[in-house]
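Close look at the chain arrangement
Residues per chain, in single letters:
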Amino acid sequence: WTSMHWSLSQLGVGAVEIMPVNAVERMYAVIMLILSLLTSSFFVSRVTALMVDLQSVKAEQSERDRKLREYLNDNNVSLHLKSRIWKYLQDLNRSGKRMVLRDTVVQIRHLPKEMLTSLNAEVYFPLLKVHPFFSALLTESGYEVVRRDLVNTALEEMSLDIEKELFDVGEPATKMFFV
């Protein structure tokens, strides 16, 4: 227990009657004191930084909520609709993990065109093969240029939140959607 007592006292948690008796032991004790100071300083600064980050995130959320509340009140939105909006936003926040869209990944923008084409093909071809037309197009030989252009220019990813409409009734169809 003596060694445990000595090591804990090096963290500044208590006193100990074990003293260095020569230069090597004194140097070792000083090094241990410096290391314990650095270690405890690191942990305190890390916890402080995490708390500041959390406080910043909470402040941003509160500001967004305040602006929405102010907008709804300034425009005399009915209590029923306000309640629906707040419930929807709360459900959206609780819904958890969302799919990562390609355009949100910065590193993908830096890929060479050939590598990006290969990535798009691997990601999108399995989705397109569900449709008979695209299944035939993707498996036939001689359509390499069409396939390349299809995955590089004709496709667009999108993510819809719960209860968000993809299209309206009576709206003319301008796109094909794979859900």
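Higher on the page you've got the structure.
Note that residues are indexed from 1 along each chain, following the sequence as it is written. Reporting of local features is limited, given that this is a predicted model, to residues whose pLDDT is at least 70; pairs of side-chain atoms are given and counted only at 80 or more, and all residues count toward the totals for whole chains, interfaces and linings. Based on all heavy atoms of the structure, the side-chain values leave hydrogens and waters out of the count.

Within the protein chain, the secondary structure is distributed over six helices and zero strands. When its helices and strands are written in sequence order, the protein chain yields α-α-α-α-α-α. With C-alpha atoms as the basis for the radius of gyration, the globule rule is written as 2.2 Å multiplied by the number of residues raised to the power 0.38. Its C-alpha atoms give the protein chain a radius of gyration of 30 Å, more than 25% over the compact-globule value 16 Å for 179 residues. Expressed along its principal axes, the backbone C-alpha trace of the protein chain runs to roughly 90 × 60 × 30 Å. Across the 179 residues of the protein chain, 13% fall into the buried class. Two residues qualify as a contact provided that any one of their heavy atoms is within 4.5 Å of a heavy atom in the partner residue. Sequence-distant contacts, at least 24 apart, represent 40% of the contacts inside the protein chain between residues at least 6 apart. Only carbon and sulfur atoms are counted for the fraction: they give 63% of the accessible area of the protein chain, which is about 15,100 Å². By the counting rule applied here, Lys and Arg register as positive and Asp and Glu as negative, while His and the ends of each chain are not counted. Taken as the charge location is NZ of Lys, CZ of Arg, CG of Asp or CD of Glu. Positive and negative side-chain charges in the protein chain, numbering 21 and 22 respectively, have mean positions lying 2 Å apart. Numbering of helices and strands runs from the N terminus; a helix is a DSSP stretch of H or I covering at least four residues, while a strand is a stretch of E covering at least two. Note on exposure labels: buried denotes an accessible area under 20% of the residue type's maximum, exposed denotes more than 50%, and partly exposed covers the range between, all computed with a 1.4 Å probe on protein chains only. Residue exposure ignores everything except the shown protein chains as possible cover, and the areas themselves are Shrake-Rupley values with a 1.4 Å probe.

Across the interface, helix H5 (residues 132–139) lies against helix H6 (residues 144–154) with an axial gap of 9 Å and an inter-helix angle of 125°. With respect to their mutual orientation, H5 and H6 come out oblique. Here Phe-134, Leu-137, Leu-138 and Thr-139 of H5 lie close against H6, whose contacting residues are Val-146, Arg-147 and Leu-150. The residue makeup of the contact of H5 with H6, split by class, is five nonpolar, one polar and one charged. Here the axes come from fitting lines to C-alpha atoms, over the contacting stretch only for helices, and the angles between their N-to-C directions go from 0 to 180 degrees. Our angle categories are set so that under 35 degrees counts as roughly parallel, over 145 as roughly antiparallel, 65 to 115 as roughly perpendicular, and the remainder as oblique. Residues are grouped as follows: nonpolar covers Ala, Val, Leu, Ile, Met, Phe, Trp, Tyr, Cys and Pro; charged covers Asp, Glu, Lys and Arg; every other residue, Gly included, is treated as polar.

Now for the nonpolar core. Core analysis: the largest hydrophobic core is formed by nine residues, namely Ala-121, Tyr-124, Phe-125, Leu-128, Phe-134, Leu-137, Leu-138, Leu-150 and Val-151. Of all the secondary structure elements, the ones that give two or more residues to this core are helix H4 (113–128), H5 and H6. In terms of residues, this core owes the most to one element, H4, which gives four residues. Beyond its immediate chain neighbours, meaning those up to four positions away, Val-151 contacts Arg-102, Thr-117, Asn-120, Ala-121, Tyr-124 and Phe-125. We define a nonpolar core as any set of buried Ala, Val, Leu, Ile, Met, Phe, Trp, Tyr and Cys residues linked to one another through side-chain atoms lying within 4.5 Å.

One way to put it is that helix H2 (residues 23–74) packs onto helix H3 (residues 79–94) with a least axis distance of 11 Å and a crossing angle of 160°. The angle between the axes of H2 and H3 places the two elements in the roughly antiparallel class. Seen from above, H2 lies across H3 with right-handed handedness. Along the contact surface, H2 presents Gln-61, Asp-65, Leu-68, Arg-69, Leu-72 and Asn-73, while H3 presents Lys-82, Ile-85, Trp-86, Leu-89 and Asn-93. Considering only residue class, the contact of H2 with H3 consists of five nonpolar, three polar and three charged. By convention the crossing between two helices is left-handed if the near helix lies anticlockwise of the far one by an angle smaller than a right angle, and right-handed if it lies clockwise.

Note that patches include only residues with greater than 30% relative accessible area and no salt bridge, and the join distances are 9 Å for like charges and 5 Å for nonpolar side chains (Val, Leu, Ile, Met, Phe, Trp, Tyr). Counted as salt bridges are all cases of a side-chain nitrogen of Lys or Arg within 4 Å of a carboxyl oxygen of Asp or Glu. On the surface, a cluster of negative charge is made up of Glu-163, Glu-165, Asp-168 and Glu-171. Within the secondary structure layout, Asp-168 lies in the segment after H6.

A cluster of nonpolar side chains, contributed by Met-27, Val-30, Ile-31, Ile-34, Leu-35 and Leu-38, occupies part of the molecular surface with about 570 Å² of accessible area. Checked against the element boundaries, Ile-31 lands in helix H2.

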